[in-house]
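The lines below spell out each chain.
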Amino acid sequence: MEFNTKLLHGKEVRKYPYGATVPPISQVSAFTYETAEELEKVFQNRAPGFSYSRISNPVVDDFERRVCELENGIGAVACSSGMSAITLALLNILGAGDEVIAGSGLFGGTIDLFGDLEKFGITTRFAGHITVEEIEPLITDRTKAVFGEVIGNPGLDVVDIQRVADFLHERGVPFIADNTTATPYLVRPLDLGADIVIHSASKYINGGGNSISGLIIDSGRFRWNPERYQGFEKYKKFGKFAYLAKLRNGIWRNMGGCLAPMNGFLNIIGMETMGLRMERICENAKRLALALDSLAGISVNYPLLPHNPYRELTERQCRGLGGGILTIRAGSRERAYKIINGLKYACKATNIGDVRTLVIHPASTIYIHSTPAQQAAAGVYDDSIRVSVGIENGADLEEDFIAAIRASED
Ligand SMILES: *Cc1c(COP(=O)(O)O)cnc(C)c1O
C-alpha cells in the first residue's frame, strides 16, 4: 500500500461508531466504569480502556497509531507541542551529568531548550553539522544521545541518516531525528536506522496551521542498558517497548504535556491530505528556488539547487523531493524587509507547513534569542528570509516573488 492510500486505508484507520468516516472527538477528561474493580484493571493496564485524558484518550490514541504506521514505529506518544515532544523524549533518557550532541542548524526553540537543560546538569555539545566527521570528536563516555533535524529548519542541512545511525550504533549511542520538515512522505528515518523520531505535528502533519502538537515515535530497536540509562531497570520487562513504557508511565504523564482531543482530531483530518500537500509544496518550492536563484543580488538556499552540497543526498534519501522550505539572502536587512513587505500572497507569519505560503525574517523574530554566532551556524543572517512554501499555484507564487524582488532593487 502506498503512502496516500495508507493515509486513508492503513491498518490503523479504524471503524468508527455509526459508520462515521472520521473519528469522534472524545472531548472529555475522565472515563467512568461500572465498578471499582474495572477501574482498577484499567489503571493497572490489565484491561484495555481509558481513565483520564492526560494519560490517554481515544481520538489522541487514534492519531498516535496512524502517525506511527506512517513512520513505521512500534508506538507513538502525542504531546501538546513539538517542543514538549523534544523535551520529554530527551528527559526520558537523560539525567544530570549526561551529554547530548546536537546540530547547530536546529529550530531556534530547540537550541534554546538545550540551554535550559544546562542548569539541570545536562550538557549539549553542538556539531556544525550532524555528520560522522563532526560528531566523532564530540563523543564521550557521557554522550547519551545525538539529536538532529533530517532537514534543518531553517539551516536546510540534510542528515545522512543511515550513515550517522550506523556510526552511532557502533558506539552504543541512539540517534533522535526530528522529521518535522521532511515528513514521512519524504523519508522514514526509523527505516534508515534512527532510533526515535520527533515531529512538531503543528506543521506538515496538521497542514492547516490550526493546532500546536507534537509526537514521539520509537523504533523499538535501541537497547537501553540500565547501567548507562538511569531508571530503565524497572522497564526491562517491557523488552522493545521499554522506552515507550518508561515515557508513558514517567516523565510524559507526570509533566502533563498531553495533546488535547480536539487537536488530535484536527491533526487526523489534516493528515489525510499530507501526501498531496507535500507533493504540491515540494514542487512549488523547487520551482520557486530555481526561478529565484538566477535573479541578481540575492542568493537562495534549497537542498535541490544544482550547487547545493546536499543535493545528491536529498535525491537519494528523500525520494528526490527537497521539502517546502527555502531561504533567501537579500543582501541587506532593509532589502529583506522590502521583499517581505512587497509580497502579495505570502503571510508574514512564523510557522511552517501551512497550506498558505508564509515568510519571516528569522534574525529579528524566531532567532532573536540566539547570538550572531548561533544564528550564523543555523544559516540565519541579517539579510535572510525564510519561506515556507504553500499549495498555491506555482506560477502565481513565482510571479509574486519575482515582482517583490525586482521592486526591492530600487
Ligand atoms: C516548529 C518546530 C518545532 C517545535 O514545534 P512546536 O509545535 O512549535 O512546539 C521543533 N522542530 C522543528 C523542526 C520545528 O519546525
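Before any of the text, the structure's been laid out above.
Asker: Can you help me understand the pattern of salt bridges in this one?
Answerer: Pairing between side chains of opposite charge can happen when the charged atoms of each approach one another. Across all of its chains, the model carries 19 salt bridges by this definition. Its salt-bridge partner being Asp61, residue Arg65 comes within 2.9 Å of it at the nearest N-O pair. With Arg65 and Asp61 both in helix α3 (residues 58–71), this residue pair falls four residues apart, about one helical turn. A relative accessible area of 33% means that Arg65 is categorised as partly exposed.

Asker: Got a minute to help me understand the packing of helix α14 (residues 333–342) against helix α16 (residues 394–407) in this structure?
Answerer: Two packed helices can be described by the angle between their axes and the distance between those axes. At a closest axis distance of 8 Å, the pairing of α14 and α16 adopts a crossing angle of 140 degrees. With respect to each other, α14 and α16 are oriented oblique. In this structure, α14 crosses over α16, and the sense of that crossing is right-handed. Between α14 and α16, the contacting residues are Arg335, Ile339 and Gly342 on the first element and Asp400, Ala404 and Ile405 on the second. For the contact of α14 with α16, a count of residues per class yields three nonpolar, one polar and two charged.

Asker: Where do I start with the state of the cysteines in this structure?
Answerer: As used in these notes, a disulfide is a covalent bond between sulfur atoms, one from each of two cysteines. The tally for this structure, following the rule as stated, stands at zero disulfides. Cys258 provides the cysteine sulfur closest to Cys79, a residue in no disulfide bond, and the two sulfurs are 9.2 Å apart. Under the relative-accessibility criterion, Cys79 is labelled buried at 0%.

What counts and what doesn't
- Residues numbered from 1 in each chain as written.
- Predicted model: local features only at pLDDT ≥ 70, side-chain atom pairs only at ≥ 80, totals over all residues.
- Heavy atoms only, no water.
- Salt bridge = Lys/Arg side-chain N within 4 Å of Asp/Glu carboxyl O.
- Helix = DSSP H or I, 4+ residues; strand = E, 2+ residues; numbered from the N terminus.
- Buried < 20%, exposed > 50% of the residue type's maximum accessible area, 1.4 Å probe, protein only.
- Axes fitted to C-alpha atoms, helices over the stretch in contact; angles between N-to-C directions.
- Parallel < 35°, antiparallel > 145°, perpendicular 65-115°, else oblique.
- Left-handed = near helix turned anticlockwise from the far one by under 90°.
- Contact = heavy atoms within 4.5 Å.
- Nonpolar A, V, L, I, M, F, W, Y, C, P; charged D, E, K, R; others polar.
- Disulfide = S-S within 2.5 Å.

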